[in-house]
Amino acid sequence: MDILQFPINMLNYFYEISGVEVGQHFYWQIGGFQVHAQVLITSWIVIAVLLGSATLAVRDPQIIPNGAQNFLEYVLEFVRDLARTQIGEEEYGPWVPFIGTMFLFIFVSNWAGALFPWGIIKLPHGELAAPTNDINTTVALALLTSVAYFYAGFTKRGLGYFGKYIQPTPILLPINILEDFTKPLSLSFRLFGNILADELVVAVLVSLVPIVVPIPVMFLGLFTSGIQALIFATLAAAYIGESMEGHH
Amino acid sequence: MKNVTDSFISLSSAEGFGLNTNILETNIINLSVVLGVLIYFGKGVLSNLLDNRKQKISSTIQSSEELCKGAANQLEQARARLREVERRVREIRVNGYSQIQQEKNDLINVASINLKQLENLKNETIHLEQERVIELVQKQISYQAVQRALGTLNSRLNSELHLRTIEHNIDLLLAMKNITD
């Protein structure tokens with residue numbers, strides 16, 4: 001027992017100085033499910049921010065846009081250009097809301113996680129962070145993308161959509177089927193890994209040297225967060241465009 | 001082993017919602033520096049971008065408004081020209097009608113004058129011809145009468161009658177001579 005006691009005390013000590021919590025969640029029991037409450041709370045805040053800014057932008061629409069309206073119109077133009085370049089001139093219209101939702105939610109989540117001092121609010125368990133540093137959020141977003149591109153393919157080409165699985169040669173059928181599983185997998189893990197890694201690096205650096213040293217890494221984190229949001233939205237648009245276009 | 005799990009539980013267990021006022025733990029200093037730098041540099045870039053966008057939009061609207069105004073002007077001018085042309089067309093049509101009427105009347109007048117002249121000529125010709133024919137007939141008749149009278153004279157003339165006639169003629173001539181004297 002004495003032998004065991006020492007490492008635990010050591011552990012306790014290291015825990016105190018690091019304060020980095022990985023795999024700690026604040027659970028809510030909803031029905032038969034345990035949900036990660038900290039993710040839901042930050043998601044709601046992100047959603048509230050997005051809805052609030054959208055409401056602010058359309059509250060008093062003007063011919064020559066000003067302030068928030070100007071900014072959000074610029075963002076919308078950006079998303080529309082992204083969707084147009086990836087999906088194509090004819091069909092990008094109906095997919096702008098989906099791509100825009102993906103991009104804005106991920107981007108605002110990432111930046112909120114990187115810029116807002118969530119540590120101020122103490123939870124019974126775990127800590128508040130970007131919703132995208134939980135694998136459940138990113139998997140949900142990636143599965144939505146999968147559903148979206150299947151839906152796009154079926155509505156555009158009907159059962160002929162399955163023809164794309166034997167497109168270059170029938171030999172590639174297994175690989176093409178496998179692609180449908182790897183796409184959401186890679187999407188979700190890329191986003192999750194990047195954001196979690198960024199937050200962990202910042203947290204570890206803060207625990208080691210609290211002042212100044214984490215700042216460059218935090219800027220790097222901001223950059224990565226933006227890039228990841230852009231990558232996710234671009235890839236989602238590219239998958240949708242590819243499934244409607246019909247060849248690789 | 002129970003000790004180990006207990007200590008883990010005690011590590012992770014907390015007392016509920018609350019505020020963490022530890023400045024180092026909440027990383028507030030670094031975050032405010034990052035936010036400050038972001039706002040300091042981002043604001044200029046963003047406001048520049050948005051101003052450019054606003055200016056572009058307003059200039060586009062202005063230019064399109066000008067284009068619209070120009071097009072409206074041109075439309076107005078074209079309409080005015082159309083009205084002018086229509087007016088002239090009406091004028092020309094009216095003029096043409098009156099001219100045609102005039103010409104028609106003139107032609108009718110000339111034709112009727114010609115007709116009258118021709119009628120006169122015809123009447124005259126007919127008249128002349130009639131007179132000629134009448135004269136011819138008269139000549140013929142008088143010739144025939146003289147012929148018949150000569151025939152009758154030749155058949156009925158004898159010396160006594162001849163003498164009486166001569167006597168009578170001499171008396172006539174005497175009487176005429178007396179009258180002339």
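Residues numbered from 1 in each chain as written. Chains lettered and ligands numbered in written order. Predicted model: local features only at pLDDT ≥ 70, side-chain atom pairs only at ≥ 80, totals over all residues. Heavy atoms only, no water.

**Remarks on the pairing of strand β2 (residues 33–36) of chain A**
All names here are of chain A.
Right, so step 1: Pairing geometry for strand β1 (residues 27–30) and β2, over four bridges, is antiparallel. Each bridged residue has a counterpart across the sheet, and for Gln 29 the counterpart in β2 is Gln 34.
Right, so step 2: If you look at the hairpin formed by β1 and β2, you'll find two residues sitting between the two strands, and Gly 31 has a positive phi there, around 60 degrees. (Pairing = 2+ DSSP bridges. Helix = DSSP H or I, 4+ residues; strand = E, 2+ residues; numbered from the N terminus.)

**As for the UniProt feature "transmembrane region" in chain B**
Right, so step 1: With numbering aligned to this structure, UniProt lists the feature "transmembrane region" at residues 28–50 of chain B.
Right, so step 2: Here residues 28–50 of chain B runs as 100% helix and 0% strand, with 30 Å between its end C-alpha atoms. (UniProt positions renumbered as here; feature names shortened; annotations may be inferred.)

**Focus: helix α3 (residues 67–87) of chain A**
Residues three or four positions apart in an α-helix share a direction because the helix packs 3.6 residues into each turn.
Right, so step 1: Compared with an ideal rise of 1.5 Å per residue, which puts 21 residues at 30 Å, α3(A) spans 30 Å between its outermost C-alpha atoms and is within 8% of the ideal.
Right, so step 2: Residues of α3(A) that are buried include every one of Gln69(A), Asn70(A), Val75(A), Val79(A), Leu82(A), Ala83(A) and Ile87(A), and no others.
Right, so step 3: In this structure, the buried side of α3(A) is in contact with α2 (37–58), α4 (96–115) and α7 (214–245) of chain A together with α3 (28–156) of chain B.
Right, so step 4: Where α3(A) terminates, the next one or two residues include Gly88(A), which has phi positive at roughly 120 degrees. (Expected span 1.5 Å × (residues − 1). Buried < 20%, exposed > 50% of the residue type's maximum accessible area, 1.4 Å probe, protein only. Contact = heavy atoms within 4.5 Å.)

**Some details on the UniProt feature "transmembrane region" in chain A**
Residue and element names in this part refer to chain A.
Right, so step 1: Sequence positions flagged by UniProt for "transmembrane region" are, in local numbering, residues 38–58, 96–116, 135–155, 200–220 and 221–241.
Right, so step 2: The distance from the first to the last C-alpha atom of residues 96–116 is 28 Å, and the span holds 95% helix and 0% strand.
Right, so step 3: Counting secondary structure, residues 200–220 comes out at 76% helix and 0% strand; the distance between its end C-alpha atoms is 13 Å.

**Quick look at helix α4 (residues 159–180) of chain B**
Right, so step 1: Over its 22 residues, α4(B) runs 31 Å from end to end, which matches the ideal 32 Å to within 8%, given 1.5 Å per residue.
Right, so step 2: Judged by how many residues are buried, α4(B) sits mostly at the surface: zero of 22 residues are covered.

**Comments concerning the side chain of Thr137(A)**
Residues and elements named next belong to chain A.
Right, so step 1: Mapped onto the secondary structure, Thr 137 falls in helix α5 (residues 135–157).
Right, so step 2: Relative accessible area serves as the criterion here: at 11%, Thr 137 is assigned to the buried category.
Right, so step 3: Among the polar contacts made by the side chain of Thr 137, one reaches the main-chain carbonyl oxygen of Pro 131 at a distance of 2.8 Å.
Right, so step 4: When near neighbours in sequence (up to four residues on either side) are disregarded, Thr 137 contacts Val 39, Phe 105, Pro 131 and Thr 132. (Polar contact = N/O pair within 3.5 Å; in protein donor to acceptor, adjacent residues only side chain to side chain.)

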